[in-house]
Amino acid sequence: MRKVGVTGLGVICPLGDELTVVWNAMIEGQSGVGTLQFLDPAPYRVKIGGEIKHRGRLDEFERENPGRYERAAALSILASQEALGNARLGAADLDSLRVGCFFGTTMGEIQLAERLSEARAKNHLETMAPGDFKKVQSSHIAYSVLDFLGAAGQTMVFSNACASGNYAIGWGFEKIRQGQLDLALCGGVDPFSRVAFTGFNRLLSLTPDKCRPFSGNRKGLVVSEGVGVLLLEDLERAQARGSHVYCQIGGYGLGMDAFHMTSPHPEGNGAYESILKAMAQAGLAPPDVDFISAHGTGTPANDKTESIAIKKMFGSDCRIPVNSIKSMIGHTMGAASAIEAVMTCLTLDRGILLPTINWETPDENCILDCVPNQSRPFQGKTALSNSFAFGGNTSCVVMMKQEGALEAADPSK
Amino acid sequence: MKPLILRSKGEVLLGRDGFTLESLPETFQKSFPDVPPKYIDSLSLMAGIAAGRAFQGTQLSAEVRQNFAVILGSGFGAMDSVVDFDRQGLLNGPNTVNPMDFPNTVANAAGSRIGIWLQLKGPNVTLTNGDTAFIDAIGFAWEGFNDGLFRDCLVGAMEKIPAFLKPLAASPAAPKEIKEGACFLWASSAENQEALFEVTDYFSLQFKPDFRVPGGHLSRWEGLWGGVEWLGCPTHASFESLLPQNVSRYSPNPAVLELGLGGLDSLNHFLSSAGTQGIIAAVSESERKLSLIKVTKKKGDPQNGNN
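Please read all numbers here as calculations on a predicted model, not as lab measurements.

S.K.: Can you help me understand the overall build of chain B in this one?
M.R.: Along chain B, the regular secondary structure elements total ten helices and twelve strands. Here the C-alpha atoms of chain B give a radius of gyration of 19 Å, agreeing with the 19 Å that 2.2 N^0.38 yields for 307 residues. Its C-alpha atoms put chain B at 60 × 50 × 35 Å along the principal axes. Taking all 307 residues of chain B together, 52% fall into the buried category. Considering only contacts in chain B between residues 6 or more positions apart, those separated by 24 or more positions represent 78%.

S.K.: Would you explain the nonpolar core in this entry?
M.R.: Within soluble globular proteins, side chains that are nonpolar generally end up buried alongside one another. Leu230, Leu232 and Cys345 of chain A together with Ala137 and Ala141 of chain B are the most contacted members of the largest nonpolar core, which totals 233 residues. Two domains each provide a minimum of three residues to this core, namely domain 1 (4-187) and domain 2 (197-297) of chain B. Those residues in contact with Cys345 of chain A that sit more than four places away from it in its chain are Val6, Leu9, Leu230, Tyr246, Cys247 and Met399 of chain A.

S.K.: Where do I start with the interface of chain B and chain A in this structure?
M.R.: A common way to express how large an interface is: the accessible area buried when the components associate. On the side of chain A, 59 residues touch chain B, which itself brings 59 residues to the contact. For the side of chain B that touches chain A, the secondary structure elements donating two or more residues are α4 (79-92), α5 (109-118), β3 (124-128), α6 (133-147), α7 (166-169), β7 (197-206) and α8 (215-223) of chain B. The element best represented in the side of chain B that touches chain A is α4 of chain B, accounting for nine residues. Grouping the amino acids of the side of chain B that touches chain A by side-chain chemistry returns 28 nonpolar, 22 polar and nine charged.

S.K.: Help me understand the packing of helix α4 (residues 110-121) of chain A against α4 of chain B in this model?
M.R.: Think of two packed helices as two axes; the pair is described by the angle between the axes and how far apart they sit. In the contact formed by α4 of chain A and α4 of chain B, the axes pass within 9 Å of each other and the chain directions differ by 55 degrees. By the criterion of interaxial angle, the relationship of α4 of chain A to α4 of chain B is oblique. α4 of chain B is crossed by α4 of chain A, and the crossing has right-handed handedness. Contact with α4 of chain A, carried on its side by Ala113, Glu114, Ser117, Glu118, Arg120 and Ala121 of chain A, involves Met79, Val82, Val83, Asp86, Arg87, Leu90 and Leu91 of chain B of α4 of chain B and no other residues of that element. By residue class, the composition of the contact of α4 of chain A with α4 of chain B is seven nonpolar, one polar and five charged.

S.K.: What am I meant to see in the environment of Asp349 of chain A here?
M.R.: The residue Asp349 of chain A is located in helix α13 (residues 336-350) in this model. Each C-alpha atom of the pair Asp349 of chain A and Leu232 of chain A lies 15 Å from the other, and the pair is 117 residues apart in sequence.

S.K.: Would you explain the domain arrangement of chain B in this entry?
M.R.: All names here are of chain B. Taken domain by domain, chain B comprises domain 1 (4-187) and domain 2 (197-297). Taking the mean C-alpha position of each, domain 1 and domain 2 sit 24 Å from one another. Across the contact, 29 residues belong to domain 1 and 25 residues belong to domain 2. Going through the elements one at a time, β1 (4-13), β2 (68-74), α6, β4 (152-159), β5 (177-178) and β6 (181-187) are the ones with two or more residues in the side of domain 1 that touches domain 2. Grouping the constituent residues of the side of domain 1 that touches domain 2 by class yields 15 nonpolar, seven polar and seven charged.

S.K.: Any chance you could explain the pairing of strand β6 (residues 183-190) of chain A here in plain terms?
M.R.: Where a strand is regular, its side chains alternate between the two sheet faces. Residue and element names in this part refer to chain A. Within β6, eight of the eight residues are buried, which leaves the element mostly enclosed by the surrounding structure. The side-chain alternation of β6 yields two buried faces, one formed by Leu183, Leu185, Gly187 and Val189 and the other by Ala184, Cys186, Gly188 and Asp190. Note: strand β4 (residues 99-104) against β6, six bridges, orientation parallel. If you follow Cys101 over to β6, its bridge partner there is Leu185. Note: β6 against strand β7 (residues 226-234), eight bridges, orientation antiparallel. Bridging across to β7, Val189 finds its partner in Val227.

S.K.: Mind showing me how you'd approach the pairing of β1 of chain B here?
M.R.: Residue and element names in this part refer to chain B. The buried fraction of β1 is high, at nine of ten residues. Judged from the three bridges that link them, β1 and β7 form a sheet pairing that is antiparallel. Looking at β7, one finds that Leu4 is bridged to Val199.

S.K.: Just checking my understanding: could you explain the packing of helix α2 (residues 56-64) of chain A against helix α3 (residues 71-86) of chain A for this structure?
M.R.: All names here are of chain A. One way to put it is that α2 packs onto α3 with a least axis distance of 10 Å and a crossing angle of 115 degrees. Between α2 and α3, the angle falls in the class roughly perpendicular. The two elements α2 and α3 meet at a crossing, and its hand is right-handed. Residues Arg57, Leu58, Phe61 and Glu62 of α2 pack against Ala74, Leu75 and Leu78 of α3.

S.K.: What am I meant to see in helix α8 (residues 194-202) of chain A here?
M.R.: It helps to recall that an α-helix has 3.6 residues per turn; residues three or four apart then point in one direction. Across the nine residues that make up α8 of chain A, a large majority, nine, are buried. The set of residues buried in α8 of chain A consists of Arg194, Val195, Ala196, Phe197, Thr198, Gly199, Phe200, Asn201 and Arg202 of chain A.

S.K.: What should I look at first to understand the environment of Pro208 of chain A in this one?
M.R.: Residues and elements named next belong to chain A. Structurally, the position occupied by Pro208 is in the loop between α8 and β7. It is 9.6 Å that separates the C-alpha atoms of Pro208 and Gly49, two residues lying 159 residues apart in sequence. With residues up to four places along the chain from it excluded, the contact list for Pro208 reads Val46 and Lys219.

S.K.: Help me out: how do you make sense of unusual backbone geometry in this one?
M.R.: The residue Asn373 of chain A is not glycine, and still its phi comes out positive at about 70 degrees. Positive phi values are uncommon outside glycine, yet Leu259 of chain B reaches one of about 50 degrees. Residue placement: Leu259 of chain B occurs in the loop between β10 (256-257) and α10 (264-272).

S.K.: Sorry if this is basic, but what is going on with the environment of Ile116 of chain B here?
M.R.: In this fold, Ile116 of chain B is placed in helix α5. Residue Ile116 of chain B is classed as buried on the basis of its C-beta count, with 21 C-beta atoms lying within 10 Å. In this structure the C-alpha to C-alpha distance between Ile116 of chain B and Ile161 of chain B, which are 45 residues apart in sequence, comes to 24 Å. Discounting residues that sit within four places of it in the chain, Ile116 of chain B has contacts with Ala258, Phe259 and Gly392 of chain A together with Ser31 of chain B.

Rules and cut-offs
- Residues numbered from 1 in each chain as written.
- Chains lettered and ligands numbered in written order.
- Predicted model: local features only at pLDDT ≥ 70, side-chain atom pairs only at ≥ 80, totals over all residues.
- Helix = DSSP H or I, 4+ residues; strand = E, 2+ residues; numbered from the N terminus.
- Rg over C-alpha atoms; globule rule 2.2 N^0.38 Å.
- Buried ≥ 20, exposed ≤ 12 C-beta atoms within 10 Å, placed from the backbone.
- Contact = placed C-beta atoms within 7 Å.
- Core = buried A, V, L, I, M, F, W, Y, C linked by C-beta atoms within 7 Å.
- Domains from an automatic or database assignment.
- Nonpolar A, V, L, I, M, F, W, Y, C, P; charged D, E, K, R; others polar.
- Axes fitted to C-alpha atoms, helices over the stretch in contact; angles between N-to-C directions.
- Parallel < 35°, antiparallel > 145°, perpendicular 65-115°, else oblique.
- Left-handed = near helix turned anticlockwise from the far one by under 90°.
- Pairing = 2+ DSSP bridges.

Now the structure itself:
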């Protein structure tokens, strides 16, 4: 079996539209959450969300490609370009390689779907275009990325709600590991959605002010948007071409609560299973794990059951740092696990733990160290990135620091 | 790599079969005591009927369920429910939508409900892969089985699209019928069992605009065709030069848009035909994508599980 390295990263989220900008903002513990502009929040109980405010790259792209791509595809293309760029690969390099393009999304081109829905509700069906029939299907996201890059390759789009990105990363890892592919763009994406915002409002899952994962006074999640992309590559090939390797992917695990459509299993069974499978594939024992990027939505139920699963695996007195960057950017739905994986790669690569901001009071049911409020230095080598979803779909990806990484080759530093 | 052994099939197609809640296994409804059936989306209901037909009442041990996957493909996913949910909010205000409808708006609702109903605790995967979703789901199952992701699985596809979108799929010259429904195949690793057919290979590629097989994928492509005597593949001009001409060929009716159920018609035809080894393909011409599975027939009973 081949080893799989991460050689490129791309991200757009409420804290910025470039990797370095987002990383630096997170180190400072900034928040990308605010009063919503995307829709009129007046009728809603909760009025805050996470929106992409730094739109320079997105606006430029949409000006240059008018009407050609919908929002999820555009975000995915831009983050893929960034990942290829900091891996020092161009479209021409993809010609001779076996390429995969795997994305996860909860609702895909939801803003187009909502426009179509509005046209129907207002009887303005003449505004629909024949091309919308294809564009509104989530498969068009992966298609658009390869199409824009002028590449051929395998495509898959996973729709496992908020864990979708991890499914895409896991699949890309597996296909490179087995020698079927040479490199894979793996990511997650979801633009801001009226449907998601309305639904979580009605489920009373949203916090009215700020997201406080693992804090005793946490009140819920924040609906947000974004994209994250990891370029996975055969490690030997990456090293041969002198590429910077942010980290290795060591394994992944997929689980299933089989309990309830919207509530996690009270004992964290699916979460535990996915952690167990991921660690087993990577050949890890509990003492090997140095850091966990949590699903950490900030809802009372998720943070409690995720903590139970972590304690079941690592012991009730587990002191492994466990952070949630959702405290800073909100819950980006299908993008969440991919963005969290991107930041976990950088955590291993750069030796800095990102904070869980807004932490105020301890909760005896939660993990002990959530890296509260302040980033700090980190010397660990192995990390897990958890992600769970509606329906009880659970996932975990293992990432391991790449020893002897070529520091000078990292253009984003 | 080992073959994926498909033991039985269950399907329900709107238009042909229709369905009522009475078609749904009683145990399905009992698995969601806090949600009346009227709040469960039609994709989940159709998937439940198809899964029930595939299983035909077979009881699974707790050990088997622990490593039993559900893999579902779809073109439009939960779009029908998304539009209904959104419309309710637009017309009557966001605070009037029923929160019980919200879980229906995620594409993995149907697969998750199957997992909850049957207590299947292996990977639960939903692929929204457009016109190749069914074949890609089977391909994922074959590869996932060989990767050790699970031992047994239900694999299939589902499709239902909002009625108001259907005119976008048709042209005045060629009115299209759209295939909607759900299909599940039961892939079992148990030994000494009867099988419908085996999957022995899977290939999928989004081509560049010139529709050539790229160099990196060429040897894999050429290796697929040995021993193949039957091909089920829609006719699309762009792909024809790639396909072998010396095999028996079945092309589904081009006036029927199969969308995420692409390949189901060819599979049913294969199971009732004389050949024993074939390739079943699904094509997305607009996304320049071809996905295919290589299959070997075992007992050939196309009605298995379709009652």
